[in-house]
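Listed below, chain by chain, are the residues.
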Amino acid sequence: PAADVGAELPVVGAAMPVVFFIALLRLKHVADATIGDGGLWTEKLFLTLGLLLLLVAFVKLVFTKKRQLLSISTTEHIGLVAFMIGAGPAGTIPAIIHLIGQSVAHSGLWYAVQDSAVVRSHPMIKYLSGALFASLLGAPFSMLFVSVLIGVGYALQAHLVFALLVFAALAVMNVYFVRGVMTLTAGSAPSESTPMTKHQKILSTVLAVHVLIMFGVGGYLLTQQGIQFAVSVAESVASL
């Protein structure tokens, strides 16, 4: 069945999870200080929330005929963020990287799916849209590649069975997301030599900025300086 890639997701909606999780992290600190168990209760809460959200995304993606892929993808990645936080104290750093990365990718893709015909109209726009989708799948050197590599890798040590289940679910869901990419970019496009319209130039610029952020920051975070920067940012955000 054809997937409904063009989920109605406002750009501001891509930033809402960031605000929401910062608030949750603040509440977590308050709850940990009140309960005094070293954060065990709140970690179990986040872990459970993450697994439930991933399950919801999996069921919607695999068992529904009309799929709003961006909406489901948002649920999936928010579930991953919650799962990373629930895996333990070290999970907060990759969780915040992932939270910011998915926000950037989803906001860029929202522009693309609103103009799916324009996406098909020029190879460069198709490639940029495909690159953003690839970043959501954890393409190497993207921000989400870094966060999943660190976050789920850490979870393998703390919660082996749950982490393996998450890996398996992500592998299955990625197959459906790839099919969604093919649906979005299906159709023949004119030659690269065809002059781009003003609207095409604006869209390609917007997408290029998002791609640059996703892969530029992701590559930087793989360096020693980038890791130190990520730790300092995560600590600052978590202490808000």
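Residues numbered from 1 in each chain as written. Predicted model: local features only at pLDDT ≥ 70, side-chain atom pairs only at ≥ 80, totals over all residues. Heavy atoms only, no water.

Asker: Even after reading the chapter, I still don't get the pattern of salt bridges, so can you show me in this structure?
Answerer: Opposite charge on two side chains permits pairing when their charged atoms draw close. Counted according to the given criterion, the structure contains one salt bridge. For D32, the salt bridge goes to K28, with nearest N and O atoms at 3.0 Å. Taken together, the residues span about one helical turn, with D32 and K28 both in helix α1 (residues 11–35) at a distance of four residues. We note that D32, like K28, is buried. (Salt bridge = Lys/Arg side-chain N within 4 Å of Asp/Glu carboxyl O. Helix = DSSP H or I, 4+ residues; strand = E, 2+ residues; numbered from the N terminus. Buried < 20%, exposed > 50% of the residue type's maximum accessible area, 1.4 Å probe, protein only.)

Asker: Explain helix α6 (residues 123–136) to me, please; I cannot follow it from the model alone.
Answerer: Helix length check: α6, at 14 residues, gives a terminal C-alpha distance of 20 Å against a target of 20 Å (1.5 Å per residue), a fit within 8%. Downstream of α6 by one or two residues, G138 has phi in the positive range, about 85°. (Expected span 1.5 Å × (residues − 1).)

Asker: Mind showing me how you'd approach the packing of helix α7 (residues 143–158) against helix α9 (residues 198–221) here?
Answerer: Relative placement of two packed helices is described by the angle separating their axes and the distance separating the axes. Remark: α7 packs on α9, axes separated minimally by 7 Å, with the N-to-C direction vectors making an angle of 40°. Taken together, the axes of α7 and α9 lie oblique to each other. Facing M143, L144 and V146 of α7, the residues of α9 in contact are I213, M214, V217, G218 and L221. (Axes fitted to C-alpha atoms, helices over the stretch in contact; angles between N-to-C directions. Parallel < 35°, antiparallel > 145°, perpendicular 65-115°, else oblique. Contact = heavy atoms within 4.5 Å.)

Asker: Where do I start with the environment of L53 in this structure?
Answerer: Note that L53 resides in helix α2 (residues 40–63). Residues L53 and G79 lie 26 residues apart in sequence; the distance between their C-alpha atoms is 4.8 Å.

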